[in-house]
Amino acid sequence: MVDLEVISAPGRLNYTITVVNTGNVDINNVVLSDDLANGTENLESGDAVDPGVLNVGETWVYSATYDATQADINAGDDLVNVAGVTTDQTARKTDDATSTVQQNPSLTIVKDLTNADDAVVDTAGETIEYTITVDNTGNQDLTTVVLDDDFADALPTYVSGDTNTDDILDTDETWIYSAV
């Protein structure tokens, strides 16, 4: 296997696994396993001479896939995929490929006047209302999001947006707050 490039979003990773008989005897009962592929390993080519026997000098090429998830991106750990092959004649041999996970946490915040008449303050004690929008613009879910507003009378009030009510600003969420 070869190392893959950096990933920064959920998506399918495609692997090519090559098994070569470099010895001087034919090999029987070739069993390939892959840590991340979860059964998606497929023999694509190479088993041409004796079906099911890895003949001397023969090369078998497998494909495998893994669907990287948002949880993989959130964890930020490299995805190290280990493939191994066992046979009746050899000890288990392994190789790995690593995909680097790149996290790009980012958000935007926009504060707008709620009412058009709040644009002009002409009376002492007039209440000015704001809508504050916080949007996750990165590739990673954001935790412990705390919004403050030095101009508001109190902490802004959460209005909507946490669709799964987990207090995590997911990559597909925009949270709305109000403040006065």
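The structure under discussion appears in the preceding block.
Enquirer: Can you help me understand the sheet that holds strand β12 (residues 157-160) in this one?
Expert: Two modes of strand pairing occur in sheets, parallel and antiparallel, and in both the strands are linked by backbone hydrogen bonds. Strand order in the open sheet formed by four strands is β9-β10-β14-β12, with antiparallel pairing between adjacent strands. At either end of the open sheet lies a strand with only one pairing partner, and these are β9 (107-113) and β12. Here the average twist between neighbouring strands, direction ignored, is 25°. Relative to strand β10 (residues 130-136), β9 runs antiparallel, the two sharing seven bridges. Its bridge partner lying in β10, lysine 111 is registered against isoleucine 132.

Enquirer: Whenever I open this one, unusual backbone geometry confuses me. Can you help?
Expert: A negative phi angle is the norm for most residues apart from glycine, just as the trans form is the norm for most peptide bonds. The residue threonine 144 is not glycine, and still its phi comes out positive at about 55°. Positionally, threonine 144 belongs in the loop between β11 (142-143) and β12. Of note in this structure, aspartate 167 is not a glycine but carries a positive phi near 60°. In this structure, aspartate 167 sits in the loop between β12 and β13 (168-169). Classification of aspartate 167 as exposed rests on a relative accessible area of 60%.

Enquirer: Explain the layout of surface pockets to me, please; I cannot follow it from the model alone.
Expert: If a probe as big as a water molecule is rolled over the atoms, it shows which places are left empty. Each pocket or cavity is described by its volume, and for the largest pocket that value is around 360 Å³. Forming the boundary of the largest pocket are 20 residues, of which Thr18, Val19, Val20, Val85 and Lys93 lie nearest the centre. Those elements that place two or more of their residues in the lining of the largest pocket are β1 (11-20), β7 (79-86) and β8 (93-99). Among the elements that make up the lining of the largest pocket, the one with the highest residue count is β1 (four residues). Along the lines of polarity and charge, the residues of the lining of the largest pocket split into 10 nonpolar, eight polar and two charged.

Enquirer: How should I be thinking about the packing of aromatic side chains in this particular structure?
Expert: Aromatic rings in a pair are described by how distant their centres are and how their planes are angled relative to each other. Counted by the stated rule, this structure contains three aromatic pairs. Between tyrosine 130 and phenylalanine 151 the ring centres are 6.3 Å apart and the planes differ by 80°, which places this aromatic pair in the edge-to-face class. Remark: phenylalanine 151 occurs in the loop between β11 and β12 and tyrosine 130 occurs in strand β10; sequence separation between them is 21 residues. Taken together, a centroid distance of 6.1 Å and an interplanar angle of 80° make the contact between tyrosine 158 and tryptophan 175 edge-to-face. Residue tyrosine 158 is found in strand β12, and its partner tryptophan 175 is found in strand β14 (residues 174-179); the two are separated by 17 residues along the sequence. By relative accessible area, tyrosine 158 is classed as partly exposed at 38%. With relative accessibility at 4%, the residue tryptophan 175 sits in the buried group.

Procedures and definitions
- Residues numbered from 1 in each chain as written.
- Predicted model: local features only at pLDDT ≥ 70, side-chain atom pairs only at ≥ 80, totals over all residues.
- Heavy atoms only, no water.
- Pairing = 2+ DSSP bridges.
- Helix = DSSP H or I, 4+ residues; strand = E, 2+ residues; numbered from the N terminus.
- Axes fitted to C-alpha atoms, helices over the stretch in contact; angles between N-to-C directions.
- Buried < 20%, exposed > 50% of the residue type's maximum accessible area, 1.4 Å probe, protein only.
- 1 Å grid on protein atoms, 1.4 Å probe; cavity = no way out; pocket = protein on both sides within 12 Å on 5 of 7 lines; lining within 4 Å.
- Points joined across faces, edges and corners; volume = space filled by probe spheres on them.
- Nonpolar A, V, L, I, M, F, W, Y, C, P; charged D, E, K, R; others polar.
- Phe/Tyr/Trp six-rings, centres within 6.5 Å; stacked < 30°, edge-to-face > 60°.

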